[in-house]
Amino acid sequence: MTLEATVAAVLFLGVLLYAVLGGADFGSGLWDLTAGDARRGGKVRALIDHSIGPVWEANHVWLIYVLVFLWTAFPRPFAAIMTTLFVPLAFAALGIVLRGAGFAFRKFAETVAEARLYGAFFAASSVVTPFFLGAVAGAVASGRVPADGSGDVWTSWTGPTSLIGGTLAVLTCAFLAATFLAAEAERAGDPELAESMARRAFVSGVVTGAVALVAVLVLETDAETLASGLHGRAAVLVIGSAVAGLRALWLLRAPAGTHGRGSGPCSPWPPSSSAGAWPSTRGCWSTRCASSTEPGLAPPSWLYWWCSRWRR
Amino acid sequence: MPARQQMAFSLGWHIILACFGVAFPAMIWLVHRRGVRHDDPVALGLAKRWSKVAAVLFAIGAVSGTILSFEMGMLWPGLMGPYGDVIGLPFALEGIAFFIEAIFIGIYLYGWGRLPPRVHYRLLVPIALAGLVGTFCILAVNAWMNDPAGFEVVDGEVTNVDPWRAMFNDAVAAQFLHMWVAAFMLVGFAVAGVYAVGMLRGRNDRHHRLGFLVPFAFASVAAVAQPFIGHLLGQQVADRQPAKLAAFELATETETRAPLRIGGLLIDGEVRGEVEMPLLGSFLATNSFDGEVPGLDSVPEEDRPPVNVTRLAFQTMVGIGTVAALFVTVFWLARWRGHDLLRSRGFLRLTAASGVLAGVAVEAGWIATEVGRQPWVVNGILRTRDAASDSHGLWFTFIAILIVYAGLTVAAVVVLRSMARRWREGEDLDLPTPYGPGSAPPVIDRRSTATKGHREPVG
C-alpha cells in the first residue's frame, strides 16, 4: 500500500468516526426538531440533552481532525475543495456554529419561550450541516471539483449525487441517532420512550434504505468511477452494508421484552448493527485503492471518501 | 479585502473565548482545591459557579474555533494549498489538545457529586495543560508566519518540508509565552471585575472577596511579568521583522541613538504629534544606546505595513499593559501595608473597567502584530493578497458571520447575566450545564409531560 493510501486510510478513519459519533449528535437534532411542542416533546428533548450532553463537544474534534489531516496530507485538493465548494461549506459551518451555541444556550434558558428559540436554532442547524456536508461529499465523488479549484460554486454541488448525498447524510444521521436514543431511553428506564424512539428508528431506517437504493441508480449515471468501483471490489461491502441495515431493521421490529432487544445496560442491539459496517468501510477503501493506480489527486482520493460515507 | 476582514473578525471574537478556555481552569482549580482541602464552602461554591460559566464559554469558543478551521481553507486557499502540509502538524496537535480538554471538561462537569472530591478537582489539571499546549500550537503557526522555517521554495515549488522545524521555529517561544500570560491577564481582570461590580452594588461578603482576590492574583502575576516578556519579544521583532518594529516605533528612518516616541501619527510621510524621549528607542530595541533601530526606509515601500493602525494598536497595548502592571502593584503594596483597597469605590470601578481594558489590550496586540506583518501573510514569502480567496461569496459570508456572531454575543451576555441573577435570587440554585446532568434524573416520571430541562412558563 502506498503512503498516500495509508494516509488516506487514516483520514477516512476520521471521517468514519465523525460520521458515526457526530452523526448520532446531528441526528438527535432532527428528532429534537420533530419532537412536538414543549409539552409533548419534553421527554424526548430531555433524553437528547442527557444523551449528547457530555460528548457533543468532543465530537467536534473529528471534523477538525478531518480538516487538518486533509490540508496537511492533500493540501492542493483541500484548497480546490474549499474554493469550489465554498457555498455548501459556508452553510455547513454556519450550521455548526448555530447548533453548538443553540444547544448550550438552551440548557440555561430561563423560560420555555427562550428555550424554544435556542432549541429551534440547535435543531434546524443539526439538519442543515449534515445535508451540506453530504452535498460536499457528493460533489467530490461525482468529479465536479476540478483539481485547480475552478469548479462552478453553485452547480458543482447541486448535481444529483450531491443532492442524494446530502439527503442520505441527514437520513443516516437520523437513523443512527434514533437507535442510540432508543438504547439510551431503555437504559434510563423508560420502555415507552424507548419504544417510541425504536419506531422512529425503524421508519427512518426503511426510508434511508430506500433512498440508498435510489442512490445506487443515481450513481450509475452521475458518478461513473464510483459506481464501477462499487460493482467491482467494493461490492462485498455494499452487500455487507445492506445486510447490516436489514439486521438492524429486524431487531428494531422486535417488540419490547424479547431477547432481540438485548438486556441490561449494555444491550448490543441496533447501535452495534448499524455501526457494524465499520469493518466493511475500511475494506471499502482498501479494495478501491488496490484497484486504483492513481497517485492520489483529488478525484480518485475523494471517491474513497464518498465510498466510505455511502456504505452505511 | 473581505477575506482579511472576516478572518480578523472571527479571530478577534474567538481569542477572547480561547483565553477563558486557557486560563479559567487554573483559577477554578485553585478555588476548588481550597474548597476541598480546607473544607471551605465559599470556595467550593465559587468553583461550581465558575465551572458552569466556563462550560457556556467553552461551548461557543469551540464552535467559533471550528469555524476558523473552515475559514483557513475557505478564505486562504493560496496559503493552505502550497503550505498546508508545512503547518499541518501544530494544528493536528492542537486538535488533540482540544479533544483532551473537551473530554475532561465533560467528566469534570459530570463529576460534581459523583466523583470523590480529591479526584474531582485534579481533573482541572489536564484541562489547563491542554490549554497550554493548544496555545503553543496555535502560536507556533502564527510564529511561523512571522518567521517562516521548515521548507524551501525551489522553482516556485514548496519542497523539503520539515514540519517539526516549521512548528518549533525561532519565534514561537516568546510569542507563545506572551499570549499565554495575556490569557491570564484577560480572564483574571474580567472575573475580578465581575466581583468588583458586585461589591460596588453592596454585596460585600466572603464570596465576593474571594471571587475577586483569586483571579486578581493570577492577573497580577501576569501583568507584572508581561512587560518583560513583551520587551523580549519586541527585541526579537527588531531582528526578524524590521518593518513591523519600524511601524511600532513610528521610525521613518533607520537610526542609532534613536529616541522613544510616545504618541504621534504618520501624516504625509512625517511623524507628527509625538513626544520624544531621547536614546530610549535604541536602548529598548537593542540594549544599547548606540544600537540601530530599523526604520521604514529599510524596506521598499510596497513591503511596508499600514503604519498608523499598527502604531496605534501597539501603543494601546503597551499603554494598557504598563498601567495594569502599576495598578496591581499598587493594590498589593497597599495590602501589604495594611490598606484594603477593596473598600475604595474608585479602586473597584477601575477593576471593573480592567477586564474590558485587558480585552482591548489583547485585541490591540493582535492587530499590531497581524497588521504589522502586512503585506505578508508568510513573512517575506507570500503576500496576503496572493493567499486570499477571490470568491464572490466572501462579502456574503463576512456579513453572515458579523450577524451571527453579534447574535451569539447578545445571547451569551443574556444567558450569563440570567445565570448570575438566578444565583443571586435562588442562593445555591443548581443550574444545569451544557455537558453536565440536569437538576433531576431525566425521563423517569411518565405522568409528567414537562421536560426537566425546561422551566414552566413564567407568570
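Calculation criteria
- Residues numbered from 1 in each chain as written.
- Chains lettered and ligands numbered in written order.
- Predicted model: local features only at pLDDT ≥ 70, side-chain atom pairs only at ≥ 80, totals over all residues.
- Heavy atoms only, no water.
- Helix = DSSP H or I, 4+ residues; strand = E, 2+ residues; numbered from the N terminus.
- Buried < 20%, exposed > 50% of the residue type's maximum accessible area, 1.4 Å probe, protein only.
- Contact = heavy atoms within 4.5 Å.
- Patch = residues over 30% accessible without salt bridge, like charges linked within 9 Å, V, L, I, M, F, W, Y side chains within 5 Å.
- Areas by Shrake-Rupley, 256 points an atom, 1.4 Å probe, with all protein chains shown as cover.
- Salt bridge = Lys/Arg side-chain N within 4 Å of Asp/Glu carboxyl O.
- Expected span 1.5 Å × (residues − 1).
- Bend = angle between axes of the 7 residues up to and from the residue.
- Phe/Tyr/Trp six-rings, centres within 6.5 Å; stacked < 30°, edge-to-face > 60°.
- Buried area = accessible area lost by both parts, 1.4 Å probe.
- Polar contact = N/O pair within 3.5 Å; in protein donor to acceptor, adjacent residues only side chain to side chain.
- Nonpolar A, V, L, I, M, F, W, Y, C, P; charged D, E, K, R; others polar.
- 1 Å grid on protein atoms, 1.4 Å probe; cavity = no way out; pocket = protein on both sides within 12 Å on 5 of 7 lines; lining within 4 Å.
- Points joined across faces, edges and corners; volume = space filled by probe spheres on them.
- pLDDT = per-residue confidence, 0-100.
- Core = buried A, V, L, I, M, F, W, Y, C linked by side-chain atoms within 4.5 Å.

**Student:** What's the story with the overall build of chain A in this structure? I'm lost.
**Tutor:** A tally of helices and strands in chain A yields 13 helices and 0 strands. Seen in sequence order, chain A has helices and strands lined up from the N terminus as α-α-α-α-α-α-α-α-α-α-α-α-α. A buried classification covers 63% of the 312 residues belonging to chain A. Counting only contacts in chain A whose residues sit at least 6 apart along the sequence, the fraction spanning at least 24 positions is 77%.

**Student:** Even after reading the chapter, I still don't get a nonpolar patch on the surface, so can you show me in this structure?
**Tutor:** All names here are of chain B. A surface patch of nonpolar side chains, about 240 Å² in accessible area, is lined by Ile262, Val275 and Met277. Structurally, isoleucine 262 is set in strand 4 (residues 260–262). Look at isoleucine 262 and you get partly exposed, because its relative accessible area is 40%.

**Student:** Would you explain helix 1 (residues 3–33) of chain A in this entry?
**Tutor:** An α-helix turns once every 3.6 residues. As a result, residues three or four positions apart point the same way. All names here are of chain A. Spanning 31 residues, helix 1 covers 43 Å between terminal C-alpha atoms, matching the ideal 45 Å at 1.5 Å per step. At glycine 23, helix 1 is deflected by roughly 40°, the largest bend along its length. The buried fraction of helix 1 is high, at 23 of 31 residues.

**Student:** I keep staring at the packing of aromatic side chains and nothing clicks. Help me out?
**Tutor:** Working definition: an aromatic ring pair is given by the centre-to-centre distance plus the angle between the planes. Using the criterion set out here, one finds 41 aromatic pairs over all chains in the structure. Centroid distance Tyr18(A) to Phe26(A): 6.0 Å. Interplanar angle 90°. Geometry classified as edge-to-face. Taking relative accessible area as the criterion, Tyr18(A) reaches 12% and is therefore assigned buried. The class of Phe26(A) is buried, set by a relative accessible area of 5%. An aromatic cluster is present here, built from Phe136(B), Trp164(B), Phe168(B), Phe176(B), Trp180(B), Phe184(B) and Phe218(B) joined pairwise through their rings.

**Student:** Looking at this structure, I do not really get the interface of chain B and chain A. What am I missing?
**Tutor:** Reports of interface size often rely on the accessible area that becomes lost once the parts have come together. Listed by partner, the interface residues are 64 residues for chain B and 54 residues for chain A. Surface buried jointly by chain B and chain A totals about 5,500 Å² across both partners, of which 73% is contributed by carbon and sulfur atoms. Taken together, the links from chain B to chain A amount to 0 salt bridges. Our enumeration of links across chain B and chain A arrives at 0 residue pairs in polar contact (both at pLDDT 80 or more). Put simply, the parts of the chain that give the side of chain B that touches chain A at least two residues each are helix 2 (41–75), helix 3 (77–83), helix 4 (88–110) and helix 15 (394–426) of chain B. Here the residues of the side of chain B that touches chain A sort into 38 nonpolar, 19 polar and 7 charged.

**Student:** Sorry, what's going on with the layout of surface pockets here?
**Tutor:** To locate leftover empty space, one rolls a probe as large as a water molecule over the atoms. Residue and element names in this part refer to chain B. Empty space within the largest pocket amounts to approximately 1,900 Å³. What lines the largest pocket is a set of 50 residues, among which Val53, Val194, Leu416, Arg417 and Ala420 lie closest to the centre. Mapped onto the lining of the largest pocket, the elements with two or more residues apiece are helix 1 (2–37), helix 2, helix 8 (172–200), helix 9 (206–240), helix 13 (345–373) and helix 15. In terms of residue class, the lining of the largest pocket is built from 28 nonpolar, 10 polar and 12 charged.

**Student:** Before we go on, may I ask you to explain the confidence of the model for chain A in this structure?
**Tutor:** Atom-level detail of predicted coordinates should not be read off regions where pLDDT is low. The predicted model of chain A averages 74 in pLDDT, with 79% of residues at 70 or higher. In the predicted structure, residues 256–312 of chain A sits below a pLDDT of 50 and forms 121 contacts with residues beyond four places in sequence or in another chain.

**Student:** Before we go on, may I ask you to explain the nonpolar core in this structure?
**Tutor:** One broad trend across soluble globular proteins is that nonpolar side chains are buried collectively. Phe105(A), Phe24(B), Trp50(B), Leu79(B), Trp144(B), Phe189(B) and Phe212(B) are the most contacted members of the largest nonpolar core, which totals 160 residues. The element best represented in this core is helix 2 of chain B, accounting for 19 residues. Those residues within four positions of Phe105(A) in sequence are excluded, and the remaining contacts are Tyr118(A), Val56(B), Ile60(B), Leu408(B), Ala411(B), Ala412(B) and Val415(B). In this structure, Leu47(A), Leu181(A), Met197(A) and Ala198(A) belong to the second largest nonpolar core, which totals 27 residues.

**Student:** Explain the environment of Arg385(B) here, please?
**Tutor:** All names here are of chain B. Along the chain, the position of arginine 385 falls in helix 14 (residues 384–387). Taking the relative accessible area as the measure of exposure, arginine 385 reaches 57% and is therefore exposed. C-alpha of arginine 385 to C-alpha of methionine 1: the two residues are 384 residues apart in sequence and 8.2 Å apart in space.

**Student:** Which parts of the structure should I look at to understand helix 2 (residues 42–52) of chain A?
**Tutor:** All names here are of chain A. The element helix 2 is largely enclosed, with a buried count of 10 among its 11 residues. Residues of helix 2 that are buried: Gly42, Lys43, Val44, Arg45, Ala46, Leu47, Ile48, Asp49, Ser51 and Ile52. Structurally, helix 2 contributes buried residues whose contacts are with helix 1, helix 3 (56–73), helix 5 (86–107), helix 6 (112–141), helix 7 (160–187) and helix 8 (191–222).

**Student:** So what exactly am I meant to see when it comes to the confidence of the model for chain B here?
**Tutor:** Per-residue confidence for chain B gives a mean pLDDT of 88; residues scoring 70 or more make up 93%. Overall fold confidence for the complex sits at a pTM of 0.84, while the interface term, ipTM, reaches 0.78.

**Student:** What am I meant to see in the side chain of Ser142(A) here?
**Tutor:** Residues and elements named next belong to chain A. Looking at the element boundaries, serine 142 is found in the loop between helix 6 and helix 7. Relative accessible area serves as the criterion here: at 13%, serine 142 is assigned to the buried category. In this structure the side chain of serine 142 is engaged in a polar contact, spanning 2.9 Å, whose partner is the side chain of arginine 144. Sequence-distant contacts of serine 142, defined by excluding residues within four places in its chain, comprise Thr161, Asp222 and Ala223.

**Student:** Would you mind going over the pattern of salt bridges with me for this structure?
**Tutor:** Residues and elements named next belong to chain A. Applying the stated criterion across every chain, the model contains 15 salt bridges over all chains. One salt bridge in this structure joins arginine 187 and glutamate 184, with 2.1 Å as the shortest N-O distance. One end of the pair is arginine 187 and the other is glutamate 184, both in helix 7 and 3 residues apart, which spans about a single turn. For arginine 187, a relative accessible area of 49% gives the class partly exposed.

**Student:** Just checking my understanding: could you explain the side chain of Ser282(B) for this structure?
**Tutor:** Residues and elements named next belong to chain B. The residue serine 282 is located in helix 11 (residues 280–286) in this model. Note on serine 282: relative accessible area 0%, which makes it buried. In contact with serine 282, other than residues within four places in its own chain, are Glu255, Thr256, Arg257, Ala258, Asn287, Ser288, Phe289, Gly291 and Val293.

**Student:** Before we go on, may I ask you to explain unusual backbone geometry in this structure?
**Tutor:** Apart from glycine, the bulk of residues carry a negative phi angle, and the bulk of peptide bonds sit in the trans form. Residues and elements named next belong to chain B. Across the junction of glutamine 374 and proline 375, the peptide omega takes the value 5°, indicating a cis bond. Relative to the helices and strands, proline 375 is located in the loop between helix 13 and strand 9 (376–378). Backbone geometry places asparagine 160, a non-glycine residue, at a positive phi of 50°. With respect to the element layout, asparagine 160 can be found in the loop between strand 2 (157–159) and helix 7 (163–167). The exposed category is assigned to asparagine 160, whose relative accessible area is 53%. Backbone geometry places arginine 257, a non-glycine residue, at a positive phi of 55°. Secondary-structure assignment places arginine 257 in the loop between strand 3 (255–256) and strand 4.

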